[in-house]
Each structure stands twice: as C-alpha cells, then as structure tokens.
Amino acid sequence: MASFKNMEIAPAVTAHENIYVRQGFLGFNTKIYYKPTLSLVDCTRNYYALSSGNEIQQFLLKFQNNPTIAEKTQLRFIHDPNGNYCLEMCASSDGQFVALQLFRYSDLAYNAVTDIKIYEGKEAELLYRVLRHQ
C-alpha cells in the first residue's frame, strides 16, 4: 500500500464529497473511507513495463467512451519496479469507488498521461474488476 499523503491523486480524492479521511495519532496513520458504503479505501501505486502501460492507457481511453467494454476485457500486467508507467489508484474494498491516474516516465520524472478520473457505482465496479488483479 502506497503512502496516501505522497500520492499525486491524494488532494482530489480527499476533496471528493463521498470520501472521509481519518487521521491517526500524530497523523502517522491515515484511513480513507467511502461514505455511502462505509468501505475502506485502499491506495496503491504500481509500476509497469512499457507494453502493459500502453495497454492500460488504451483501455482507459476506451473505458471513458464505453464503460461496458470492461465486461469483456482482461489485461495482462507486467510489473516492473523501474517501469515506464505508474498507475496510482484508490479503490474501495467493495468496488463502488475508484479514483486513478496514469503516469509515464519522461524527462526524468513521471508525468501524467491521463487526468484524475473518479468513478462511482456501476462504472467503478466494472473498472475495479479489470484493474484489481494488478
């Protein structure tokens, strides 16, 4: 689990109306909850090889136009700790909330390839099914 405070998408997730952030003692422990279902939100940052990153990027573009494409999509992920792509994702444990952003390494830094996208309900469930096995 990535440190939520160090994630690029943290401000957008925190500002979302259906998200509740609970700080622990001295701010060392942060727990995020999706209010409508009271589900714990897990935040991850994973790095991928070039081929997997391109596949994720294409899938996300298609998903924006037609969310039902996720029902028949299976992505193959090649994890690489030094990968060209980085996917930051916060997802509730029940799959009803997903926030994500994809980055690509260029000019000695990871730069955003997609905008921060936040999905709830059925769209989030569909996206969560495809991306949870990353």
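Our subject is the structure listed above.
In this report, the structure presented in the accompanying data block is examined. (Residues numbered from 1 in each chain as written. Predicted model: local features only at pLDDT ≥ 70, side-chain atom pairs only at ≥ 80, totals over all residues. Heavy atoms only, no water.)

## Some remarks on the pattern of salt bridges
Item 1. For the coordinates displayed, the defined rule picks out 2 salt bridges.
Item 2. Here Glu 88 ties to Arg 45 by a salt bridge, and the two come within 3.1 Å at their closest N and O atoms. On the criterion of sequence distance, the pair formed by Glu 88 in strand E4 (residues 85-92) and Arg 45 in strand E3 (residues 39-48) is long-range, its members being 43 residues apart.
Item 3. The exposure class of Arg 45 is partly exposed, given its relative accessible area of 25%.
Item 4. A salt bridge links Glu 125 to Arg 129, with the nearest nitrogen and oxygen atoms 3.8 Å apart. Of this pair, Glu 125 and Arg 129 both sit in helix H3 (residues 122-131), 4 residues apart, which is roughly one turn of the helix. (Salt bridge = Lys/Arg side-chain N within 4 Å of Asp/Glu carboxyl O. Helix = DSSP H or I, 4+ residues; strand = E, 2+ residues; numbered from the N terminus. Buried < 20%, exposed > 50% of the residue type's maximum accessible area, 1.4 Å probe, protein only.)

## What to know about the packing of aromatic side chains
Item 1. A full pass over the atoms with the stated rule returns 7 aromatic pairs.
Item 2. Where Phe 59 meets Phe 63, the ring centres are 5.8 Å apart and the plane angle is 40°; that geometry is what we call tilted. In this pair, Phe 59 and Phe 63 both sit in helix H2 (residues 50-65), 4 residues apart, roughly one turn of the helix. With respect to burial, Phe 59 and Phe 63 carry one shared label: buried. (Phe/Tyr/Trp six-rings, centres within 6.5 Å; stacked < 30°, edge-to-face > 60°.)

## Observations concerning the side chain of Thr 30
Item 1. Looking at where Thr 30 falls in the secondary structure, it is placed in strand E2 (residues 30-34).
Item 2. Among the residues examined, Thr 30 registers a relative accessible area of 12% and is labelled buried.
Item 3. Among the polar contacts listed, one links the side chain of Thr 30 to the side chain of Gln 23, at a separation of 3.3 Å.
Item 4. Apart from the residues lying within four places of it in its own chain, the contact partners of Thr 30 are Phe 4, Lys 5, Val 21, Arg 22 and Gln 23. (Polar contact = N/O pair within 3.5 Å; in protein donor to acceptor, adjacent residues only side chain to side chain. Contact = heavy atoms within 4.5 Å.)

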